Amino acid sequence: MLNLYNTLSHKIEKFQPLKKNAVGMYTCGPTVYNYAHIGNLRSFVFEDILKRALSANGFRVKHIMNLTDVDDKTIKASQAAKQTLKAFTAFYTHAFKKDIRKLNILPPAKFAPATRYIKQMMTLVQNLLKKGMAYEKNGSIYFCLAKFPNYGSLARLSNQELKIGARVEADNYDKDNPADFVLWKKWTPKDGKVFWKTPLGKGRPGWHLECSAISVKELGQPIDIHAGGVDLIFPHHENEIAQSEAAFGKQFVRFWIHGEHLLVENQKMAKSLNNFFTLQDLETRDFNPLAFRYLLLTAHYRSKLNFTLESLQGARNALNNLYEIIRAWDKPKIGCAEFEQKFIDAINNDLNTPEALAVLWNLVKSDYPTSAKAATLLKFDKILGLDFIKYLGKKEKIPVAVNKLLAERVKARQEKNWQRSDELRKKIEESGYSVEDTPQGQKILKS
Ligand code: AMP
Ligand code: ZN
């Protein structure tokens, strides 16, 4: 039984979908105005583990992820780049899809770009206007917080913090100033060519609207799971709840699941702080993206993780070590039920990946035949997503040139030419291998 921490109840709860086996899951996708940074990617990896854990528990998951391709940031950045919004966001959408592929993040059933849901957003706003939950002011339309007494329940804002009648234009703002947020923004010259002419007037949607409109269109309401990083709890998710519940008179989301931040020098990694790495930056430094995925799995998703290149090196060493060990394993057969149970217990305990990795290493060190260990490791990898299948039983093919050096070295040693033998060892090492002399002969290892 999968247990998950629900931000709404502040408790770990047994997860049960509304329908028997089918789970509707929505995750807030990236704002496609730049490359994703590895902090963003931490959130997407956590959501991937969540989705894989649901599948491992026998649920069929329908996962929808939006792409924010129109908002304050995308408009501003596309203008600075002197590109149309469409071409500009298409470029970063493509880059994002490449990043998640490299991290073995399973794609959603559908990517939902906000600009393809303008009609649904407009209908939602009309619905709110009809119900008296929204109002127009100077050509823009705002959600009226005073009409929604439940506002703030996810972020646990106290009522007195709400300044009745205050309005906020920006897509993002802080917790100290909850206010009537904008649903539909009237066009201003700053928006340039970005606008839609609708019965709501010439303008564009506010950022929060897209997730409510896309979620109900693609998954219905209520849905089982909505996830994102903790920074989205306020105002984004709070506003989504207000819009969706006010419009349809029923609960929006049953389980709210939030992942903690990746930090750099104990500060949030953010584009605005200019303290970020992209996946490409890590690859340039010769890190396999999966070493980063491994690093993320060493921390619980609800704990902050302070990123350092040293910790990434540690993760890389651990993962490479594991890959080397399993190259020598036999073909997968049967499995080790004892470890499989421990592993799924860890995952089902609110996605405890550090514990799951500990189980993995105990399996590796155990006395089971390698064929059984291999079968179990492949089962683990359905959740971990670390590509073990690529290495399992694949004894490394030693390059011809290195084999030649090895043969020469055997000869040199037979002739007791130790100096030549040492020279050859050096050459072998320069080719990326190390050689050990054992009673059975030379043992070659990739270094
Ligand atoms: P954005 O592209 O800004 O809309 O963010 C995409 C996702 O990244 C959201 O789920 C955010 O909550 C998440 N996010 C932003 N910064 C970080 C961070 N430093 N660590 C983890 N997740 C983050
Ligand atoms: Zn969202």
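Nothing here was measured: the structure is a model prediction, and the numbers come from that model. (Residues numbered from 1 in each chain as written. Chains lettered and ligands numbered in written order. Predicted model: local features only at pLDDT ≥ 70, side-chain atom pairs only at ≥ 80, totals over all residues. Heavy atoms only, no water.)

**Let's talk about the coordination of the zinc ion (ligand 2)**
Basically, it comes down to this: Only nitrogen, oxygen and sulfur atoms within 2.8 Å of the metal, or 3.2 Å for Na, K and Ca, are treated as donors, and water is left out, so sites may look incomplete. Angle rules define the geometry names used: all angles between 85 and 135 degrees makes four donors tetrahedral, while opposite donors over 155 degrees apart and all other angles between 65 and 115 make four donors square planar and six octahedral, leaving every other case irregular. Only runs of H or I of at least four residues qualify as helices and only runs of E of at least two qualify as strands under DSSP, and these elements are numbered from the N terminus. Think of it in three bands: residues with accessible area under 20% of the maximum for their type are buried, residues over 50% are exposed, and the middle band is partly exposed, with areas taken using a 1.4 Å probe on protein chains only.
The coordination sphere of the zinc ion (ligand 2), as far as protein atoms go, consists of Cys28 (SG), Cys211 (SG), His236 (NE2) and Glu240 (OE), spread over 2.0 to 2.4 Å. Around the zinc ion (ligand 2), the 4 donor atoms sit at angles spanning 72 to 127°, and that spread fits a shape best called irregular. Read from N- to C-terminus, the donor residues coordinating the zinc ion (ligand 2) fall into the pattern C-x182-C-x24-H-x3-E. Taken together, the positions of Cys28 in the loop between strand S3 (22-27) and helix H1 (38-56) and His236 in helix H6 (residues 233-248) put the pair 208 residues apart, joining distant regions of the chain. On the basis of relative accessible area, Cys28 is assigned to the buried category, the value being 6%. Assessed through its relative accessible area of 1%, His236 is described here as buried.

**Let's talk about the site of ligand 1**
Keep this limit in mind: Any residue with a heavy atom positioned within 4 Å of a molecule or strand is treated as near that molecule or strand. Polar contact criterion, stated in full: a pair of N or O atoms within 3.5 Å, where within protein one must be able to donate a hydrogen and the other to accept it, and residues adjacent in sequence count only if both atoms are side-chain atoms. In short, Shrake-Rupley with a 1.4 Å probe defines the accessible areas, and a residue's cover is counted only from the protein chains shown.
Among the 17 residues in the neighbourhood of ligand 1, the closest are listed as Thr31, Gly39, Ser43, Asp231 and Leu262. Gly229 is positioned such that a nitrogen or oxygen atom in its backbone is 3.1 Å from an oxygen atom of ligand 1. Here ligand 1 has 490 Å² of accessible area as a free molecule, and 93% of this is covered by the chains. Secondary-structure elements contributing two or more residues to the shell around ligand 1 are H1 and strand S12 (223-229). By residue number, the principal contributor to the shell around ligand 1 is H1, which donates 4 residues.

**A closer look at the pairing of strand S9 (residues 180-186)**
Selection rule: For two strands to pair, DSSP has to find at least two bridges joining them.
With 6 of 7 residues buried, S9 is to be regarded as a mostly interior element. Taken together, the 2 bridges between strand S8 (residues 167-168) and S9 define a ladder with parallel strand orientation. Across the sheet, residue Arg167 finds its bridge partner in S9, namely Asp180. By the bridge criterion, 3 bridges tie S9 to strand S11 (residues 201-205) in an arrangement that is antiparallel. Residue pairing across strands places Lys186 opposite Gly203, the latter belonging to S11.

**As for helix H14 (residues 418-430)**
Because each turn of an α-helix spans 3.6 residues, side chains separated by three or four positions in sequence point in the same direction. The following threshold applies: Multiplying 1.5 Å by the helix residue count minus one yields the expected span of that helix. Working note: the arc is built from the helix axis to C-beta atom directions. Any pair of residues with heavy atoms lying within 4.5 Å of one another is described as a contacting pair.
In a regular helix each residue adds 1.5 Å, so 13 residues correspond to 18 Å; H14 covers 18 Å between its end C-alpha atoms and thus fits that length. Within H14, the full set of buried residues consists of Ser421, Leu424 and Ile428. Angularly, the buried residues of H14 cover 65° about the axis, an arc narrow enough to put them on a single face. In H14, the exposed positions angled more than 90 degrees off the buried face are occupied by Gln419, Lys426 and Glu430. Close packing links the buried residues of H14 with helix H13 (400-414), strand S17 (433-438) and strand S18 (441-446). Residue Gly432 follows H14 closely and has a positive phi angle near 95°.

**Comments concerning the packing of H13 against H14**
Here is the rule: A fitted line through C-alpha atoms serves as each axis, taken over the contacting stretch for helices, and the angle formed by two N-to-C directions is quoted from 0 to 180°. To sort the angles, those under 35 degrees are grouped as roughly parallel, those over 145 as roughly antiparallel, those from 65 to 115 as roughly perpendicular, and the leftovers as oblique. It is the rotation of the near helix from the far one that decides the hand of a crossing: anticlockwise by less than a right angle makes it left-handed, clockwise makes it right-handed. Each residue is assigned to one of three groups, with Ala, Val, Leu, Ile, Met, Phe, Trp, Tyr, Cys and Pro labelled nonpolar, Asp, Glu, Lys and Arg labelled charged, and all others, Gly among them, labelled polar.
Look at H13 against H14: their axes get within 8 Å of each other, and the N-to-C directions meet at 165°. Taken together, the axes of H13 and H14 are roughly antiparallel relative to one another. Note that H13 runs across H14; the crossing there is left-handed. Contact residues: Val402, Leu405, Leu406, Glu408, Arg409, Ala412 and Arg413 in H13; Trp418, Arg420, Ser421, Leu424, Arg425, Lys427 and Ile428 in H14. Considered class by class, the residues forming the contact of H13 with H14 number 7 nonpolar, 1 polar and 6 charged.

**Observations regarding the nonpolar core**
Going by this rule: By convention a nonpolar core is built from buried Ala, Val, Leu, Ile, Met, Phe, Trp, Tyr and Cys residues, the set being connected through side-chain atoms within 4.5 Å. Marked domain ranges trace back to an automatic or database domain assignment.
With 77 residues, the main nonpolar core has Leu41, Ile225, Phe292, Phe307, Leu351, Leu360 and Phe388 as its most contacted residues. Among the domains, domain 1 (3-259) and domain 2 (264-390) are the pair contributing at least three residues each to this core. Setting aside chain neighbours within four positions, we find Phe388 in contact with Leu319, Leu322, Tyr323, Ile326, Leu360, Leu377, Leu378 and Asp381. Formed by 50 residues, the second largest nonpolar core is a distinct cluster that contains Leu85, Met122, Val125 and Ile241.

**Comments concerning the packing of aromatic side chains**
Under the convention used in this document: The criterion for an aromatic pair is that two Phe, Tyr or Trp rings (for Trp, the six-membered ring) have centres within 6.5 Å, with stacked assigned to planes under 30 degrees apart, edge-to-face to planes over 60 apart and tilted to the rest. Placement of a charge over a ring requires the Lys NZ or Arg CZ to be within 6 Å of the ring centre, with the centre-to-atom vector within 35 degrees of the ring normal.
Overall, the coordinates contain 20 aromatic pairs when judged by the stated rule. Look at Phe88 and Tyr92: their rings are 5.2 Å apart centre to centre, the planes differ by 70°, and that puts the pair in the edge-to-face class. Here Phe88 and its partner Tyr92 are both found in helix H3 (residues 85-102), 4 residues apart, which amounts to about one turn of the helix. Seen in terms of ring centroids, Phe277 and Phe307 are 5.3 Å apart; in terms of plane orientation they differ by 65°. Their pairing is edge-to-face. With Phe277 in the loop between strand S15 (267-268) and helix H7 (279-284) and Phe307 in strand S16 (residues 305-307), this residue pair connects regions lying 30 residues apart in the sequence. Pairwise contacts between aromatic rings join Tyr35, Phe88, Phe91 and Tyr92 into one cluster. Lying across the ring of Phe195, Lys202 places its NZ or CZ 4.3 Å from the centre.

**Structural notes on the pattern of salt bridges**
Cut-off, in case you're wondering: By salt bridge we mean one thing: a side-chain nitrogen of Lys or Arg within 4 Å of a carboxyl oxygen of Asp or Glu.
On inspection of all chains with the given rule, the structure shows 21 salt bridges. In this structure, Asp48 and Arg52 form a salt bridge, with 2.9 Å as the shortest nitrogen-oxygen distance. One end of the pair, Asp48, and the other, Arg52, are both in helix H1, 4 residues apart, so they sit about a helical turn from each other. The shortest N-O distance in the salt bridge between Lys390 and Asp387 comes to 3.3 Å. Accessibility expressed as a relative area gives 53% for Lys390, which makes it exposed. By relative accessible area, which is 19% here, Asp387 ends up buried.

**Some details on the sheet that holds S12**
One open sheet accounts for 5 strands, arranged S5-S4-S3-S12-S13; its pairing is parallel. The open sheet is flanked by strand S5 (110-113) and strand S13 (253-259), the only strands paired with a single partner. With direction set aside, neighbouring strand axes in the sheet form an average angle of 25°. With 3 bridges connecting them, S3 and S12 associate as parallel partners. Bridging across to S12, Tyr26 finds its partner in His226.

**Remarks on helix H5 (residues 209-219)**
Burial analysis of H5 places 9 of its 11 residues in the buried class, which makes it a mostly covered element. Of the positions making up H5, those classed as buried are Leu209, Glu210, Cys211, Ser212, Ala213, Ile214, Ser215, Glu218 and Leu219. A positive backbone phi angle near 80° is found at Gly220, which sits one or two residues after H5.

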